[in-house]
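Coordinate inspection notes
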Amino acid sequence: MNLALWVERHGRRQPEDPALADGERVHASWATFAARTAAAAAGLRDDFGLSPGDRVAIVMRNRPEYLEALFAIWHAGLVAVPVNARLHRDEIAYILEDSESAVVVTDDDHAGDVESLVGSVASLRAAVVAPGERWDRLTASSPAPLVGRQPQDPAWLFYTSGTTGRPKGATLTHRNLLMMSLSYFADIDPVTPQDCILHAAPISHGSGLYGLPHVARGAVSVVPESGGVDGDEIAALLQRWPGMSFFAAPTMIKRLAGDGAVAAADLSHLKTIVYGGAPMYLADLEDALAVFGPRLAQIYGQGETPMTITALSKADHADRNHPRWRDRVQSVGVPRTDVDVRVVDDTDRDLPAGEVGEVVVQGDVVMAGYWKQPDATAEALRGGWLHTGDVGSFDADGYLTLRDRSKDLIISGGMNIYPREVEEVLLRHAGVRATAVVGRPDAEWGEAVVAFVVAADGAAPPPIEDLDRTCLDHLARFKRPKEYRFVDALPTNNYGKVVKRELRDRLRVEAEDGAC
Ligand code: AMP
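As the structure is a prediction and not an experimental result, all values here were calculated from the model.

**Digging into the pattern of salt bridges**
All told, the structure shown has 31 salt bridges when counted by the stated rule. A salt bridge links Lys-254 to Asp-284, with the nearest nitrogen and oxygen atoms 3.4 Å apart. You can see Lys-254 sitting in helix α10 (residues 250-257) and its partner Asp-284 sitting in helix α12 (residues 282-292), a full 30 residues away along the chain. Across the pair Asp-397 and Arg-324 runs a salt bridge whose closest N-O atoms are separated by 2.5 Å. Within this pair, whereas Asp-397 is found in the loop between β19 (386-394) and β20 (400-405), its partner Arg-324 is found in the loop between α13 (314-318) and α14 (325-329), the two being separated by 73 residues in sequence. Of the residues examined, Asp-397 reaches a relative accessible area of 35% and is grouped as partly exposed. Assessed through its relative accessible area of 36%, Arg-324 is described here as partly exposed.

**A closer look at the sheet that holds strand β24 (residues 446-455)**
Read across the sheet, three strands follow the order β23-β24-β25 without closing on themselves; strand pairing throughout is mixed. Edge positions in the open sheet fall to β23 (432-442) and β25 (483-486), since each of these has one partner strand only. Looking at each pair of strands side by side, their axes are set apart by 25 degrees on average, direction ignored. With four bridges joining them, β24 and β25 adopt parallel strand pairing.

**Notes on the domain arrangement of the chain**
Partitioning the chain into domains gives domain 1 (1-15 + 23-149) and domain 2 (412-515). Centre-to-centre, using C-alpha coordinates, domain 1 lies 37 Å away from domain 2. Tallying the contact residues gives six residues for domain 1 and nine residues for domain 2. In total, about 550 Å² of surface goes out of reach between domain 1 and domain 2, with carbon and sulfur atoms giving 46% of it. Among the residues of domain 1 in contact with domain 2, Arg-86, His-88 and Glu-91 are the three that bury the most area, contributing 74% of the side total. For the pair domain 1 and domain 2, the number of links is one salt bridge. Across the salt bridge formed by Glu-91 and Lys-479, the nearest N and O atoms sit 2.6 Å from each other.

**Looking at the site of the ligand**
Close contacts around the ligand come from 16 residues, with Ile-299, Gln-302, Gly-303, Asp-390 and Asn-416 the closest. Note that an oxygen atom of the ligand is positioned 2.8 Å from one of the backbone N or O atoms of Gly-303. At the level of elements, β13 (296-302) and β20 are the ones that each hand at least two residues to the shell around the ligand. At five residues, the largest contribution of residues to the shell around the ligand is made by β13.

**As for the nonpolar core**
Core analysis: the biggest nonpolar cluster contains 114 residues, and Trp-74, Leu-177 and Phe-292 have the highest contact counts within it. Look past the residues within four positions of Trp-74 in its chain and what remains in contact with it is Asn-2, Leu-3, Ala-4, Ala-80, Ala-155, Trp-156, His-174, Leu-177 and Leu-212. Listed in part, the 37 residues of the second largest apolar core include Ile-95, Val-104, Val-114 and Ile-410.

**Remarks on the side chain of Asp-187**
Positionally, Asp-187 belongs in helix α7 (residues 174-187). A distance of 2.7 Å separates polar atoms of two side chains, one belonging to Asp-187 and the other to Arg-336. Apart from residues no more than four positions distant in its own chain, Asp-187 is found in contact with Arg-336 and Thr-337.

**A look at the packing of helix α1 (residues 5-13) against helix α8 (residues 206-216)**
Where α1 meets α8, the closest approach of the two axes is 9 Å, and the angle between their N-to-C directions is 35 degrees. Here α1 runs over α8; the crossing is left-handed. Contacts between α1 and α8 pair Trp-6, Val-7 and His-10 from the former with Leu-212, Val-215 and Ala-216 from the latter. Split by residue class, the contact of α1 with α8 holds five nonpolar, one polar and no charged.

**Overview of the environment of Arg-217**
Along the chain, Arg-217 falls in the loop between α8 and β10 (220-223). Since its relative accessible area comes to 33%, Arg-217 is described here as partly exposed. When the C-alpha positions of Arg-217 and Val-438 are compared, they lie 42 Å apart, and in sequence the two are 221 residues distant. Among all residues touching Arg-217, those that are not within four sequence positions of it are His-10, Phe-185, Val-191, Thr-192 and Pro-193.

**Observations concerning the environment of Tyr-281**
On the secondary structure map, Tyr-281 appears in the loop between β12 (270-276) and α12. For the pair Tyr-281 and Pro-250, spaced 31 residues apart in the sequence, the C-alpha separation amounts to 8.3 Å. Excluding its chain neighbours within four sequence positions, the residues that come into contact with Tyr-281 are Pro-441 and Gly-446.

**Remarks on the pairing of β12**
The element β12 is extensively covered by neighbouring structure, given that six of its seven residues are classed as buried. One ladder, built from five bridges, connects strand β11 (residues 244-248) with β12; its direction is parallel. When the bridges of β12 are listed, Phe-246 appears paired with Ile-273. Bridge count for β12 against β13 is four bridges, and the pairing is parallel. When the sheet's bridge partners are listed, Tyr-275 is paired in β13 with Gln-298.

**Some details on the sheet that holds strand β14 (residues 305-312)**
With respect to topology, nine strands assemble into an open sheet ordered β2-β1-β10-β9-β11-β12-β13-β14-β15, the strand pairing being mixed. In this open sheet, the two edge strands, each paired with only one partner strand, are β2 (25-29) and β15 (334-335). Where strand β1 (residues 18-22) and β2 come together, four bridges link them in antiparallel fashion. Along β2, the bridge assignment pairs Ala-21 with Val-26. Its contacts with the sheet place α10 against β11, β12 and β13, and it is angled at close to 125 degrees to β11.

**Thoughts on helix α17 (residues 464-474)**
Taken together, the buried positions of α17 are occupied by Leu-467, Asp-468, Thr-470, Cys-471 and Leu-472. At its buried positions, α17 is contacted by α16 (419-426), β23 and β25.

Procedures and definitions
Residues numbered from 1 in each chain as written. Predicted model: local features only at pLDDT ≥ 70, side-chain atom pairs only at ≥ 80, totals over all residues. Heavy atoms only, no water. Salt bridge = Lys/Arg side-chain N within 4 Å of Asp/Glu carboxyl O. Helix = DSSP H or I, 4+ residues; strand = E, 2+ residues; numbered from the N terminus. Buried < 20%, exposed > 50% of the residue type's maximum accessible area, 1.4 Å probe, protein only. Pairing = 2+ DSSP bridges. Axes fitted to C-alpha atoms, helices over the stretch in contact; angles between N-to-C directions. Domains from an automatic or database assignment. Contact = heavy atoms within 4.5 Å. Buried area = accessible area lost by both parts, 1.4 Å probe. Near = heavy atom within 4 Å. Polar contact = N/O pair within 3.5 Å; in protein donor to acceptor, adjacent residues only side chain to side chain. Core = buried A, V, L, I, M, F, W, Y, C linked by side-chain atoms within 4.5 Å. Left-handed = near helix turned anticlockwise from the far one by under 90°. Nonpolar A, V, L, I, M, F, W, Y, C, P; charged D, E, K, R; others polar.

Quick look at the structure:
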């Protein structure tokens with residue numbers, strides 16, 4: 001089944017109902033959304049000579065055209081490559097090259113960078129700016145029939161960085177995204193056509209994924225005009241759109257819970273806030289529950305098994321009288337309906353409740369593999385189970401608590417930062433002999449990036465502005481270290497491997513002592 005069938009179907013069944021909204025304004029009814037999708041699919045196919053299975057990237061901030069592009073790509077049987085629009089031009093270039101994207105749909109904000117890649121990225125034939133004259137022409141083509149897809153056909157290449165430092169495309173099939181959507185209804189919430197999803201977080205990631213169950217049920221997709229999270233705007237949109245749900249990283253929830261406009265708003269139209277993607281501190285959760293009431297649900301997932309490993313339901317959040325409530329709200333909940341989740345030791349043997357090991361997952365939501373990376377795929381999916389790299393333990397009731405990440409991942413403001421990427425860039429600076437990048441607890445961002453730097457032999461530490469410039473030349477701004485610490489040597493173990501845990505512990509102790 002092709003996921004774009006949902007749009008086509010609602011276009012017939014509820015043609016006049018709003019499908020896409022630009023803030024308070026209706027951008028497209030279902031009839032219009034379906035017509036534009038079918039037309040743009042024809043335009044993509046004919047103007048650029050694309051065939052089913054070819055890749056089309058999207059580099060755009062949140063806007064209604066994002067969803068038009070996504071569903072047009074699927075309607076034509078193509079594979080979408082939604083790229084984090086905050087990445088550096090070189091990082092975007094790498095993803096377009098790796099996915100061999102033939103066309104990229106972008107917007108005015110990113111056109112400069114993206115258009116300059118046509119010619120340098122071998123596979124890339126064109127960049128289309130939406131909204132814009134070319135996009136208008138594409139969406140006015142004669143409609144194409146929906147191209148049938150098999151469940152195992154790729155739908156979305158979800159680029160996620162890894163310990164290797166280079167992002168890999170988790171290949172999500174139509175079946176994966178269908179299972180993700182169905183298990184949203186089973187474990188998080190039912191959805192009706194009277195509901196809406198607010199895209200307050202990037203559509204290229206969690207918000208776009210969780211937009212799908214809402215499209216499936218004919219609910220409205222609302223994109224805030226600011227393209228992001230603004231308390232006043234959300235408060236106003238709540239008055240306009242009932243049955244509202246949205247996905248947000250814990251740092252965003254914390255910001256919104258402390259926002260005067262949100263606290264003063266009538267929340268009767270707010271249905272559910274799904275948070276996840278990073279740990280939520282208990283104190284922050286308690287503040288959020290005080291403001292939002294029993295409307296919070298937590299999910300734990302990763303790109304490789306989109307948004308779907310475990311969930312902590314709204315009912316669990318509300319069940320304050322339960323003797324283990326505090327433990328439960330610090331857990332990531334229970335396995336989702338459509339997956340089997342185990343905690344295993346180094347030899348993949350099951351560990352009993354209470355013992356800490358790696359979380360592994362099996363089910364129809366688990367990716368087909370990493371795009372063109374058979375070795376990395378075999379490693380991640382060994383034994384038929386996705387090895388998440390997350391470390392945790394089950395309790396006797398089946399609630400999973402994450403203890404650590406075996407990967408070095410830093411999550412700052414809901415964005416994933418793999419230290420290796422930052423280290424590689426810092427090492428390009430002639431004044432840096434060695435470096436180790438770790439996360440430090442940060443009240444506002446969850447974690448902040450800290451680089452420990454050993455200066456080149458006999459040299460004075462390089463100026464921080466130089467290091468910053470080197471990072472900005474090659475990396476997205478949000479990955480740049482917030483702090484540099486110059487040290488004589490990095491702590492290493494017997495094998496000469498840097499012991500990052502020691503650096504992290506040092507920062508944590510300082511933070512607890514209030515020293516920084
Ligand atoms: P991504 O692939 O970008 O979605 O990042 C996935 C990673 O984020 C997971 O492997 C976890 O380490 C972390 N993560 C996701 N959800 C949660 C959660 N609810 N609590 C703690 N960490 C999480």
